[in-house]
Amino acid sequence: MSRLEAKKPPLFISEPLTRDAVSQSLSLLSGILKSSYGPAGRLKQLHNGVGGCVCTTSQSSALLGHLSVSQPVLRVLTASVRNHVSRFSDCGLFTAILCCGFIENFRGLNVAPFTVVKISKHLLSLCMDHLKSEACGCRVSVDFSSIETLVCLVRSVLTSKPACMLNKTEVDHLTSLVLKAFIFTVPCHVETNAVLGKCVIIPVKGRKVVDSTVFPGLLIETPEIQLGKPLAVKRTGSNVIKIAVFSVSMSGDGSNPEEGTVAVHHGISLEVSELNQLLNVGKQLVEDEVGLVVCQKVMHPCLKQYLKENGVVAVDRAGLSVMEPLGRVTGSQPIASIHSLSPGCYGSLKDLRIQSFASKHFLHLIPEDTVICSLILCNRSETAWDELKRVCETAEHVLQLTIKEPFALLGGGCTETHLASYIRYKSSSLPASTFKDLACSQTQYQLVADGFCRSLESVARSLSHDGEEILTDMVYGHCWFVPSGSPCVSKWSDLVSKCRCGMNDNTEDLSWRFLQGQSGSPGIQSCPKEPSAKVADLLTLDCFAAKCSGLQVALETANLILDLQYIIEDQN
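In short, a report on the structure. (Residues numbered from 1 in each chain as written. Predicted model: local features only at pLDDT ≥ 70, side-chain atom pairs only at ≥ 80, totals over all residues. Heavy atoms only, no water.)

To continue, consider the packing of helix H4 (residues 92–107) against helix H15 (residues 544–562). At a closest axis distance of 8 Å, the pairing of H4 and H15 adopts a crossing angle of 40 degrees. Taken as a pair, H4 and H15 cross one another with a handedness that is right-handed. In this structure, H4 contributes Phe94, Thr95, Leu98, Cys99, Phe102, Ile103, Phe106 and Arg107 to the contact, and H15 contributes Lys547, Gly550, Leu551, Val553, Ala554, Leu555, Thr557, Ala558, Ile561 and Leu562. Residue composition of the contact of H4 with H15, grouped by class: 13 nonpolar, three polar and two charged. (Axes fitted to C-alpha atoms, helices over the stretch in contact; angles between N-to-C directions. Helix = DSSP H or I, 4+ residues; strand = E, 2+ residues; numbered from the N terminus. Left-handed = near helix turned anticlockwise from the far one by under 90°. Contact = heavy atoms within 4.5 Å. Nonpolar A, V, L, I, M, F, W, Y, C, P; charged D, E, K, R; others polar.)

To continue, consider the sheet that holds strand S6 (residues 213–216). Ordered in space as S5-S14-S6, the three strands form an open sheet in which the pairing is mixed. With partners counted over all chains shown, the strands left at the sheet margins are strand S5 (198–205) and S6, one partner each. Going from strand to strand, the sheet's axes swing by 20 degrees on average, the running direction of each strand aside. (Pairing = 2+ DSSP bridges.)

Owing to its 3.6 residues per turn, the α-helix aligns residues three or four sequence positions apart on the same side. Helix length check: helix H12 (residues 414–427) (14 residues) gives 20 Å between terminal C-alpha atoms against 20 Å at 1.5 Å per residue, within 8%. Counting buried residues along H12, twelve of its 14 residues qualify, which places the element largely inside the surrounding structure. Among the residues of H12, Cys414, Thr415, Glu416, Thr417, His418, Leu419, Ala420, Ser421, Tyr422, Ile423, Arg424 and Ser427 are the ones counted as buried. (Expected span 1.5 Å × (residues − 1). Buried < 20%, exposed > 50% of the residue type's maximum accessible area, 1.4 Å probe, protein only.)

Moving on to the packing of aromatic side chains. Taken as a whole, this structure holds four aromatic pairs when the rule is applied. The interplanar angle of 15 degrees and the centroid separation of 5.5 Å between the aromatic rings of Phe102 and Phe106 together place this pair among those described as stacked. With Phe102 and Phe106 both in helix H4, this residue pair falls four residues apart, about one helical turn. Each member of the pair, Phe102 as well as Phe106, is classed as buried. Seen from their ring centres, Phe435 and Tyr445 are 5.5 Å apart, and the 65 degrees between their planes marks the pair as edge-to-face. A residue pair is termed long-range when its members are at least 10 positions apart, and Phe435 in helix H13 (residues 432–437) and Tyr445 in helix H14 (residues 442–461) qualify at ten residues. Overall, Phe435 belongs to the buried group, its relative accessible area being 8%. (Phe/Tyr/Trp six-rings, centres within 6.5 Å; stacked < 30°, edge-to-face > 60°.)

The subject of this paragraph is the environment of Val290. Of note, Val290 is situated in strand S9 (residues 290–295). For Val290, a relative accessible area of 0% translates into the label buried. Spatially, the C-alpha atoms of Val290 and Ile241 are 7.0 Å apart, while their sequence positions differ by 49 residues. When sequence neighbours within four positions are dropped, the list of residues in contact with Val290 reads Lys234, Lys242, Ile243, Ala244, Leu285, Val312 and Tyr346.

If you walk through the whole model with that rule in mind, you get 21 salt bridges. The partner of Lys304 in a salt bridge is Asp316, with the nearest N and O atoms 3.4 Å apart. Separated by twelve residues along the polypeptide, Lys304 in helix H9 (residues 301–309) and Asp316 in the loop between strand S10 (313–315) and helix H10 (323–330) bring together distant segments of the chain. Lys304 gets classed as buried once you look at its relative accessible area, which sits at 17%. (Salt bridge = Lys/Arg side-chain N within 4 Å of Asp/Glu carboxyl O.)

In this structure the tally under the stated criterion is zero disulfides. Unpaired in this structure, Cys414 has its nearest cysteine sulfur neighbour in Cys501, at a distance of 3.7 Å. (Disulfide = S-S within 2.5 Å.)

Okay, unusual backbone geometry next. Both trends apply: most residues other than glycine have a negative phi, and most peptide bonds are in trans. Of note, Asn239 is a non-glycine position whose phi angle comes to about 65 degrees, a positive value. Tracing the backbone shows Asn239 in the loop between strand S7 (218–221) and strand S8 (241–246). For Ala358, which is not glycine, the phi torsion reads 55 degrees and is therefore positive. With respect to the helices and strands, the residue Ala358 is situated in the loop between strand S12 (351–357) and strand S13 (360–366).

Our next topic: the sheet that holds S13. One open sheet accounts for three strands, arranged S7-S13-S12; its pairing is antiparallel. Each edge of the open sheet carries a strand with a single partner, namely S7 and S12. The mean inter-strand angle of the sheet, taken between neighbouring strand axes irrespective of direction, is 30 degrees. Relative to S13, S12 runs antiparallel, the two sharing seven bridges. Across the sheet, Asp351 pairs through a bridge with Ile366, a residue of S13. With respect to the sheet, H10 is in contact with S7 and S13, its orientation differing from that of S7 by roughly 135 degrees.

Take helix H6 (residues 148–158) next. Most of H6 is tucked away, with nine of its eleven residues classed as buried. Those residues of H6 lying buried are Thr149, Leu150, Cys152, Leu153, Val154, Arg155, Ser156, Val157 and Leu158. Buried positions along H6 lie against strand S4 (139–141), helix H7 (168–184), helix H11 (382–404), strand S15 (407–410) and strand S19 (541–543).

Our next topic: the side chain of Ser212. Position of Ser212 among the secondary structure elements: in the loop between S5 and S6. The buried category is assigned to Ser212, whose relative accessible area is 3%.

Right, let's get into the side chain of Asp288. The topology assignment puts Asp288 in the loop between helix H8 (270–287) and S9. Buried charge without a partner: Asp288 forms no salt bridge, and the closest opposite charge is Lys242, 6.1 Å away. (Lys, Arg positive; Asp, Glu negative; His and termini not counted.)

Attention shifts here to the packing of H7 against H11. Taken N-terminus to C-terminus, the directions of H7 and H11 make an angle of 50 degrees; their axes are 10 Å apart at the nearest point. Relative to H11, the element H7 lies oblique. In this structure, the crossing between H7 and H11 has a hand that is right-handed. In this structure, H7 contributes Leu174, Val178, Leu179 and Phe182 to the contact, and H11 contributes Leu388, Cys392, Ala395, Glu396, Leu399, Gln400 and Ile403. Residue composition of the contact of H7 with H11, grouped by class: nine nonpolar, one polar and one charged. (Parallel < 35°, antiparallel > 145°, perpendicular 65-115°, else oblique.)

Okay, structure coming up:
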């Protein structure tokens, strides 16, 4: 077929970061992300131009998932951040804001991009070495035999998203529930290759947050259950409940087009044949002493009635989402055909009960030893519930990551300002051999190091949304906020009580300076000290693994974008 119009040549865009359209788009995205950052971040309402659901959020996963990005440079940035969030769940805004800061601070330097990349990688290695050292002043060890640090970690995640609209009582309640749910998912008997379990979140909207609760085992919603009658379920001779799980439809309609064409002889009813086959399956289940049958799809009413008459509890329309946790709770294998039943596919349960919550009714599957639990999560509105669900999932993932690396980083901007102070100290005392190895001058190194530090400090400044003055102390390199409208005083200690992470107070003479983020601002003259105390009542903490990854992803993505020479777009 001939073309209706001539094929257009591709569009070549050289030096994309020098283009006004790219710079404006990058600045706009950076502004959106910075204004969403932290517990006081401003909410964003996202919807498409043709209707559909409206998303109110300040979370990076929701923001970047709903934003339509057309600039190729921004697509690289957002794809990189979304990949980080898919792996770590946390520190998405930190990564994106830091990446934008690196691009902004590096592109204006009179240093070749290749040199900037080499120097910034060296600076990153200094940061990572410091964060992983015992002497790091912004790292906290997490002791799983004590609950205090874990509470701080979960609380910090829950309070970071204002769209959840939680008060202190609700935060306390959810913190204990998330920790309790996490403990349920940790295996009791540790093996060589121990696998953590899963928390299944069940939505209940329109109820108070403090009504939320957690159950060990799995809850399956069963609207047809009758609360007034006791649950009589068949047990085996060893007093366990045998369970069969079907992933295939048991409706008897025989209308699955994937199985091909069915030839039916004259005088034979396909519906009757299907029903007879289902009843034969039912008889086999009864003979095998199965007490509970769960079907992912629809079950024929006659089969359900037959099973009920023989003391077998039957549940259909369970849905795909419960199949994986159902297998882990019971040890059953999904049965994908009604024409062959293998005894090895059956699972077992210790007990089966009925639970009622609000207007919903559930079957509570209780195994002998479980790493699955069910969190009934309540919130007053659908928007707040959606945000709260994402936050609880993030908190669970953060705890899982912390098991692998039992550390946390100080939050509230203190890790960023501490690292900036550390880099300023280290970069001023490097040997001449370092510059020779990097093939750069000391001046070039200092320029890149200053841009690196200002990028870190810009993340800390992004936590201020109400005109607060931001300080950093000259001893620990932590971040301090002075409320807007505060009177002029001779001593900053009269206006600040604690640093943003809660580790340090104003009892020491710390010699603060403004965190302006401008080149030439006075840096710390000595290596930032490690705080004398490692425990505080309410520390603000960040996930160690997620933040370390975010720091690396932000720099690698910025270096990739800074090194872009051409963008080639197909115009057809």
